[in-house]
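Listed below are the residues making up each chain.
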Amino acid sequence: MTDPRITFGIIVLNGEPFTRYTLEALYPFAHEIIVVEGAAYAARGIARSDGHSRDGTLEVLREFKARHDADNKITIVTAEDEGYPDGFWPGEKDEQSRAYAKRATGEYLWQIDIDEFYRPDDMKYICHKLKSDKNISTVTFKQITFWGSTGYAVDGWYLRRGASRYHRLFKWGPGYSYVTHRPPTVHDERGVDLREIAWLRSEELERDGIFLYHYSLLFPKQVKEKCDYYESAPWAKRARARHWAENAYLALNEPFRVHNVYDLPSWLDRYVGPHPPIVLRMMDDLRVSNPGLLRDCTDVEHLLSRAWYNVGKRIIRALDPFDAFGRRVVRRVRSWLKH
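Residues numbered from 1 in each chain as written. Predicted model: local features only at pLDDT ≥ 70, side-chain atom pairs only at ≥ 80, totals over all residues. Heavy atoms only, no water.

All right, on to the state of the cysteines then. Summed over all chains, the structure comprises zero disulfides. No disulfide involves Cys 297; its nearest neighbouring cysteine sulfur is the one of Cys 227, lying 16 Å away. (Disulfide = S-S within 2.5 Å.)

Here is the structure:
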């Protein structure tokens, strides 16, 4: 039995090629792993007609459980299990997150995207923190977002203004409730937001070199599917998501709009830091088994070598606090005028 007892909750649709690597990375730290598979209606354009992943994710999950789940830690949940015979989740990601939360039996609930990873030593550090301080009720991580390769990361105004901070790990127990997926929010049995109790913030973990390694913009297949969903999902309000994928990801025609929240400036940086070892193994495996899945990053190398791009990045970074201040002033003025 793991100590502390952590339930990992995952929502996944078209999770390949990450699925088996994510499960393998989490398994040693898991009391249990609950994977909720399938599409919301807004994602029907990238799902099978029965609501499931079109890239074989559900079959990979079942194969992994059959062959590698010796300790019976893995539970796979589909919409059919919740009473939706067409295979689709009508309640979007809130409902999918609640599907793993209501099954959780651990002392902590750790939400994981299929394309996010942590270094093993960092996970050991978090487990030690939870064991040594039982009062910790929420843990937030700063993410590093990788783009096209493990050698490049994306940065920008949107990320710098709070969007790189992810609420991920929550104390869990009888009477606790998963309230909303955006942002991930859990209340205790009294209805109190766990962030109001004992919050281990990302800034403290960042000082210790602990990050969430998010490979959310790594593969063209992955990015095109995300953008199809974002353009269809009412909550996302990204009517030009497919256009962004074609012009700012698959081609670098908009080199200062490279983050998929594209209404604010963003840019690419070379990344020279560490990665979770299992991600490097995944990339090595893909170079042999499926090189066509990888993005050719010759254009990124060319871009990063250009003096004008590096000067432009410095200017945009310097303008960020001024733009942020101006937007705050405008919001306050609008609020005063309304009242």
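Counting residues in each nonpolar core, the largest one holds 52 residues, and the members touching the most others are Phe 8, Ile 10, Ile 33, Trp 110, Val 139, Phe 141 and Met 282. The greatest single-element share of this core, amounting to five residues, is contributed by helix α9 (residues 277–289). Once you skip the residues sitting within four places of it in the chain, Ile 33 turns out to touch Phe 8, Ile 10, Leu 23, Leu 26, Tyr 27, Lys 73, Ile 74 and Thr 75. Within the second largest apolar cluster, 37 residues are counted, among which are Ala 47, Ala 233, Tyr 309 and Ile 316. (Core = buried A, V, L, I, M, F, W, Y, C linked by side-chain atoms within 4.5 Å. Buried < 20%, exposed > 50% of the residue type's maximum accessible area, 1.4 Å probe, protein only. Helix = DSSP H or I, 4+ residues; strand = E, 2+ residues; numbered from the N terminus. Contact = heavy atoms within 4.5 Å.)

What follows covers the pattern of salt bridges. Applying the stated criterion to the full structure yields 32 salt bridges. Among the ionic pairs, Arg 48 bridges to Glu 59, the shortest N-O distance being 3.3 Å. Linking Arg 48 in the loop between β2 (32–37) and α2 (57–68) with Glu 59 in helix α2, this pair joins segments that are 11 residues apart in sequence. On the basis of relative accessibility, which here comes to 29%, the residue Arg 48 falls in the partly exposed class. Among the charged side chains, a network of salt bridges with common partners joins Arg 54, Asp 55, Lys 221 and Glu 225. (Salt bridge = Lys/Arg side-chain N within 4 Å of Asp/Glu carboxyl O.)

A few words on the packing of aromatic side chains. Tallied over the full model, the rule gives 22 aromatic pairs. Within the aromatic cluster, the residues linked to one another by ring pairs are Phe 18, Phe 117, Phe 146, Tyr 213, Tyr 215, Phe 219 and Tyr 271. The ring of Trp 235 is capped by Arg 182, whose NZ or CZ atom sits 3.5 Å from the centre of that ring. (Phe/Tyr/Trp six-rings, centres within 6.5 Å; stacked < 30°, edge-to-face > 60°. Lys NZ or Arg CZ within 6 Å of the ring centre and 35° of its normal.)

Our next topic: helix α7 (residues 220–232). An α-helical turn contains 3.6 residues, so any two residues separated by three or four positions project in the same direction. The terminal C-alpha atoms of α7, which comprises 13 residues, lie 18 Å apart, in line with the 18 Å expected from a rise of 1.5 Å per residue. All of the buried residues along α7 are Pro 220, Gln 222, Val 223, Glu 225, Cys 227, Asp 228, Tyr 229 and Tyr 230. Looking at the buried side of α7, the elements it contacts are α3 (92–101), β12 (212–217) and α8 (241–249). (Expected span 1.5 Å × (residues − 1).)

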